[in-house]
Amino acid sequence: MAKRITVCAGIDTGKRKLDVAIDGSCERLQVDNTAEGHKVLLEWLQRHKVKRIGIEASGGYEQPVVAVLRRKRFVVIVFQPAQVRAYAKFHLQRAKNDKIDAALIASCTAAVKQIYPAPDPRLSPFAEHLTMIDQIGEDIMKLKNRIETCRNERIRAIWKEDIARLAKRQRTELKALVAALRQYPDLAERLDLIHSVGGAGLPTAVAILVRMPEIGRLTREQAAALAGLAPYDDDSGEQVGARHIDGGRQRLRRALYLAALPASMRWNPQLIALYQRLIAAGKGHKRALIACARKLLIFVNTVVARGTPWQDEPPAAITASATAG
């Protein structure tokens, strides 16, 4: 029987141009990163019978073409830049330009063994909206830091006015985002389940829903790894290094870490007990908070998987299942 081959393409994304290559072929294409260029790209891909396409995340410039390709039922893999760099390093590929990068991404795409389902397309605009809300919060923190070192009362007053204006905008935008999410019954139900967990305030619940659409369909280890809260070994031979977290979804990890402090001090009895136990065992404050953030996410994942709201004092069997480890 003839072996069926999936034709794979790679796209190197720029602000204005898309460079495209087909794995194992000399065929190349460059088009504008515009709606008109995307039409030309679609025709070219269909003519060459391409089924799977890899594209490197590039500061959001890849998002419009990814949306177009997925609407046309192409299998699209969005690579993190670190993945493509690691693949190039493995193959000792040192030369770099847009055409070479497109061919490299095509080869990387062909090498992928496991294809994950595409994310819910409804969440893309919500993620952009949430990022704007996060950025408003970052601007508020910058202004607060400036006030700390400012001695001019007039300037301090101006920055305080800006903080009040931004805080009002942040609250308004969060309210609008929640209202938009609640237009979809399934998303509203999932949001309520997440929000039911002690310590998962509404901003945290929105962050988990939007930034981890896989929630409830993951193992506890997978959830922690995706959020960048999984402790990794650093051992070699007889040397035993300190465990550390790495990678993951940065904005989601930050939201969970910020939620862990009030959750482990006031809102969630199980996280309060966990924090106190870790501190008593000699763990530092930051390590204890990271462990609480990881446990909070595990609680949320369990609640969404079961489809039942959180209980402060669940039955012993459920407690053992959800909080062990």
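Read on for a plain summary of the structure. Just so it is clear, the structure is predicted and the values come from calculations on it, not from any experiment.

Let's talk about the overall build of the protein
Along the backbone of the protein there are 13 helices and 7 strands. Put simply, the protein has 325 residues, and 40% of those count as buried. Long-range contacts, defined as pairs at least 24 residues apart, comprise 58% of the intrachain contacts of the protein with a sequence gap of at least 6. When the accessible area of the protein is evaluated, it comes to approximately 19400 Å², of which 54% is carbon and sulfur surface.

Re the packing of helix H1 (residues 35-47) against helix H2 (residues 63-71)
Relative to each other, H1 and H2 sit at 45°, their axes nearing to 11 Å. Comparing the axis directions of H1 and H2 gives the class oblique. Judged by the sense of rotation from one axis to the other, the crossing of H1 with H2 is right-handed. Two secondary-structure elements touch here, H1 through His 38, Leu 41, Leu 42 and Leu 45 and H2 through Pro 64, Val 65, Val 68 and Leu 69. Grouping the constituent residues of the contact of H1 with H2 by class yields 7 nonpolar, 1 polar and no charged.

Focus on helix H11 (residues 269-280)
For an α-helix, the turn length of 3.6 residues means that residues three or four places apart are oriented alike. Compared with an ideal rise of 1.5 Å per residue, which puts 12 residues at 16 Å, H11 spans 16 Å between its outermost C-alpha atoms and is within 8% of the ideal. Restricting attention to buried positions, one finds in H11 the residues Gln 270, Leu 271, Leu 274, Tyr 275 and Leu 278. The arc enclosing the buried residues of H11, seen along the axis, measures out at 135°, which places them on a common side. Exposed side chains of H11 directed beyond 90 degrees from the buried face belong to Gln 276, Arg 277 and Ala 280. For H11, the N-terminal capping position is held by Asn 268, with its side-chain oxygen 3.0 Å away from the main-chain nitrogen of Gln 270. Two residues or fewer after H11 comes Gly 282, characterised by a positive phi angle close to 95°.

A closer look at the side chain of Arg 52
Looking at the secondary structure, you find Arg 52 in strand E4 (residues 52-56). For the buried Arg 52, which has no salt bridge, the nearest side chain bearing the opposite charge is Asp 23, at an N-O separation of 8.7 Å. Here the side chain of Arg 52 touches Thr 109 through a polar contact of 3.0 Å, landing on its backbone oxygen. A polar contact is formed between the side chain of Arg 52 and the backbone oxygen of Val 112, at a distance of 3.4 Å. Not counting residues up to four positions away in its chain, the partners in contact with Arg 52 are Thr 6, Val 7, Cys 8, Ala 9, Val 75, Ile 77, Thr 109, Ala 110, Val 112 and Ile 115.

What to know about the side chain of Asn 301
Along the chain, the position of Asn 301 falls in helix H12 (residues 285-306). Residue Asn 301 is classed as buried on the basis of its relative accessible area of 5%.

Considering the packing of aromatic side chains
Using the criterion set out here, one finds 2 aromatic pairs in the structure. Note on Phe 126 and Tyr 184: the rings are 6.3 Å apart at their centroids and 70° apart in plane angle, and the pair reads as edge-to-face. Highlighted residues: Phe 126 in helix H5 (residues 123-149) and Tyr 184 in the loop between helix H6 (153-181) and helix H7 (185-195), separated in sequence by 58 residues. Phe 126 gets classed as buried once you look at its relative accessible area, which sits at 10%. Since its relative accessible area comes to 30%, Tyr 184 is described here as partly exposed. For the pair Phe 299 and Trp 310, a centre-to-centre distance of 4.8 Å together with 40° between the ring planes defines the contact as tilted. With Phe 299 in helix H12 and Trp 310 in the loop between H12 and helix H13 (316-323), the pair connects residues that are 11 residues apart, well separated along the chain. Here Arg 122 stacks its cationic end above the ring of Tyr 184, 4.9 Å away from the centre of that ring.

Some words on the pattern of salt bridges
If charged atoms from side chains of opposite charge come close, those side chains can pair. Taken as a whole and judged by the stated rule, the model has 12 salt bridges. Between Arg 251 and Asp 134 there is a salt bridge, and its shortest N-O distance comes to 3.8 Å. Placement of the pair is Arg 251 in helix H10 (residues 250-267) and Asp 134 in helix H5, with a sequence separation of 117 residues. Taking the relative accessible area as the measure of exposure, Asp 134 reaches 22% and is therefore partly exposed. A salt bridge links Arg 251 to Glu 138, with the nearest nitrogen and oxygen atoms 2.8 Å apart. With Arg 251 in helix H10 and Glu 138 in helix H5, this residue pair connects regions lying 113 residues apart in the sequence. One salt-bridge network, in which partners are shared between bridges, spans Asp 120, Arg 122, Asp 186 and Arg 190.

Scoring rules and cut-offs
- Starting from 1, residues in each chain are numbered consecutively following that chain's sequence as written.
- Only residues with pLDDT of at least 70 are given local features in this predicted model, and only at 80 or more are side-chain atom pairs given and counted; all residues enter the totals for whole chains, interfaces and linings.
- As a rule here, side-chain values come from all non-hydrogen atoms in the structure, and water together with hydrogens is ignored.
- Secondary structure elements are defined from DSSP: runs of H or I of at least 4 residues count as helices, runs of E of at least 2 residues count as strands, and each element is numbered from the N terminus.
- Each residue's exposure class comes from its accessible area (1.4 Å probe, protein chains only) as a fraction of the maximum for that residue type: buried when under 20%, exposed when over 50%, partly exposed otherwise.
- Throughout, a contact is declared for two residues whenever any of their heavy atoms are within 4.5 Å.
- To be clear on the numbers: accessible area is Shrake-Rupley with a 1.4 Å probe, and residue cover counts the displayed protein chains and nothing else.
- Comment: axis = line fitted to C-alpha atoms, over the contacting stretch for helices; angle = value between 0 and 180 degrees taken between N-to-C directions.
- In this scheme, roughly parallel covers angles under 35 degrees and roughly antiparallel covers those over 145, while 65 to 115 is roughly perpendicular and the rest are oblique.
- The crossing is said to be left-handed when, going from far helix to near helix, the turn is anticlockwise and less than a right angle, and right-handed when the turn is clockwise.
- Residues were grouped as follows: Ala, Val, Leu, Ile, Met, Phe, Trp, Tyr, Cys and Pro as nonpolar; Asp, Glu, Lys and Arg as charged; and all remaining residues, including Gly, as polar.
- What a helix is expected to span follows from its residue count: subtract one and scale by 1.5 Å.
- By definition, the arc is the one covered by directions from the helix axis to the C-beta atoms.
- Any pair of N or O atoms that falls within 3.5 Å is considered a polar contact. Within protein, one atom must be able to donate a hydrogen and the other to accept it, and sequence-neighbouring residues count only if both atoms are side-chain atoms.
- Only four residue types enter the charge count: Lys and Arg as positive, Asp and Glu as negative, with His and the chain ends excluded.
- A pairing counts as a salt bridge when a side-chain nitrogen of Lys or Arg comes within 4 Å of a carboxyl oxygen of Asp or Glu.
- Note on aromatic contacts: the rings of Phe and Tyr and the six-membered ring of Trp form a pair at centre separations within 6.5 Å, being stacked when their planes are under 30 degrees apart, edge-to-face when over 60 apart, and tilted otherwise.
- Only lysine NZ and arginine CZ atoms are considered, and such an atom sits over a ring when it is within 6 Å of the ring centre and within 35 degrees of the ring normal.

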